[in-house]
Amino acid sequence: MNQWPLQQRRDAGWLLAGLLALVAWESSGADLALAQLYGDSTGFAWRDAWLTSTVLHHGGRWLAWVVMAVLVWDAIRADPADPAGPPRRERLYWLATTVASLVAAPTFKRFTSTSCPWDLVPFGGTVAYVPHWWLRVVDGGPGHCFPSGHAVAAFAFFSVYFLWRTYRPGLARGALAAVWVLGAVFGWAQMARGAHFASHTLWSAWCCWAICSAAAWGWGRRLELRPVGRVERAKGIEPSS
C-alpha cells in the first residue's frame, strides 16, 4: 500500500491544528500584550540593537542565502545511482518549493494594509492599532507589515524536512527542529525590534507549511501516476493498485 496518503493526512492534520491554534491566538489578544514587554510610548529599545538588527535580522538573511546555496549544490551533485537518497529531480522539486515559500510572504505583504508595531500609537507612532484580521478596517499607516517576511528566511526550509522524511527520517526531524528554532528566534528578534507582532511570524510558519503540504501532495500524485521505479524499490514501496 502506498504510504503517501498517510503522510498527506498527517500533513493536513498539522495544518488544521495550526490553523485552530492561530485562531485561538488571534482571539486572545496576546499580540499587543507581548509587544508591550519590549516597547512603550518611547519606542522599542531593541529596534537597532546589534543582536536583533545586525545579527538576527541582517545575519539571518545571509544565513538563508547560504542554506539556499547549499541546497542548490546538493541538488546539482546528487548521485543518480544512489538509492539511499532523493533523486536529483526530487531535490530540484523541493528547491523550487523553497523558493515559492520565500517569495509568497513578501509578495502577500505588498497587498496588506497592516502597519508595523513601531508605527502604532502605543509605541510612539502615529497609527491606531487595528488587528490584521479586521479585514474591512485599515489603520491608515504605511501598511505592508503582515505576515513576517523575515521569519520565512527560516520557515521556507520546512522543505528540507519534506524532502528527506522518506529517506532519512532522523535527518528530516533534525532539520525540522532546526527550522522551528531559527524561525522562533527570527520571530522574537522582529517582535523585540517592533517590526512584527508574534502572530505575523506564526502565520508565516503556517503558510510555509501549507505550501510544503501542497507540494508533497503534488509529488505524491506524480508517484502514483508513474510505474514503480528506483526510489520506490529502495524504500520497499509498491505501486497503488
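See the structure above.
A brief report on the enclosed structure follows. Every chain's residues receive numbers from 1 upward, in the order its sequence appears when written. Under the rules for a predicted model, residues below a pLDDT of 70 receive no local features and side-chain atom pairs below 80 are neither given nor counted, while totals for whole chains, interfaces and linings still include all residues. By convention in this description, side-chain values take in all heavy atoms of the structure and omit both hydrogens and water.

### Considering a nonpolar patch on the surface
Then step 1. Residues forming no salt bridge and having over 30% relative accessible area are the ones grouped into patches, like charges within 9 Å of each other and nonpolar side chains (Val, Leu, Ile, Met, Phe, Trp, Tyr) within 5 Å. Using a 1.4 Å probe, the Shrake-Rupley method yields the accessible areas, and only the shown protein chains count as cover for residues. Definition used for salt bridges: Asp or Glu carboxyl oxygen within 4 Å of a side-chain nitrogen of Lys or Arg. Residues Leu63, Val66, Val70, Trp73 and Leu182 make up a contiguous nonpolar surface patch of roughly 460 Å² in combined accessible area.
Then step 2. The biggest single contributor to the nonpolar patch is helix H3 (residues 50-77), with 4 residues. Only DSSP runs of H or I covering at least 4 residues are called helices, and only runs of E covering at least 2 are called strands; the numbering of each starts at the N terminus.

### As for unusual backbone geometry
Then step 1. A cis amide bond links phenylalanine 146 with the next residue in sequence, proline 147, at an omega value of 0°.
Then step 2. Note that proline 147 resides in the loop between helix H4 (88-109) and helix H5 (152-155).
Then step 3. Positioned with a positive phi, histidine 144 is a non-glycine residue whose angle comes to about 60°.
Then step 4. Position of histidine 144 among the secondary structure elements: in the loop between H4 and H5.
Then step 5. Any residue under 20% of the maximum accessible area for its type is buried, any over 50% is exposed, and the rest in between are partly exposed; the area is computed with a 1.4 Å probe on protein chains only. Residue histidine 144 is classed as partly exposed on the basis of its relative accessible area of 43%.

### Some thoughts on the environment of serine 53
Then step 1. With respect to the secondary-structure elements, serine 53 resides in helix H3.
Then step 2. For serine 53, a relative accessible area of 10% translates into the label buried.
Then step 3. For the pair serine 53 and glutamine 190, spaced 137 residues apart in sequence, the C-alpha to C-alpha distance is 8.3 Å.
Then step 4. The contact criterion used is simple: two residues touch if any of their non-hydrogen atoms lie within 4.5 Å. Excluding anything up to four places from it in sequence, serine 53 contacts Arg47, Asp48, His58 and Arg193.

### So, helix H7 (residues 169-193)
Then step 1. Each residue after the first adds 1.5 Å to the expected span of a helix. With 25 residues, H7 extends 36 Å from end C-alpha to end C-alpha; this agrees with the ideal 36 Å at 1.5 Å per step.
Then step 2. Residues Ala172, Ala175, Leu176, Val179, Gly183, Phe186, Gly187, Ala189, Gln190, Met191, Ala192 and Arg193 constitute the buried set of H7.
Then step 3. Following H7 by one or two positions, glycine 194 has its phi on the positive side, about 90°.

Everything listed here is a matter of geometry and, on its own, says nothing about what the molecule does.
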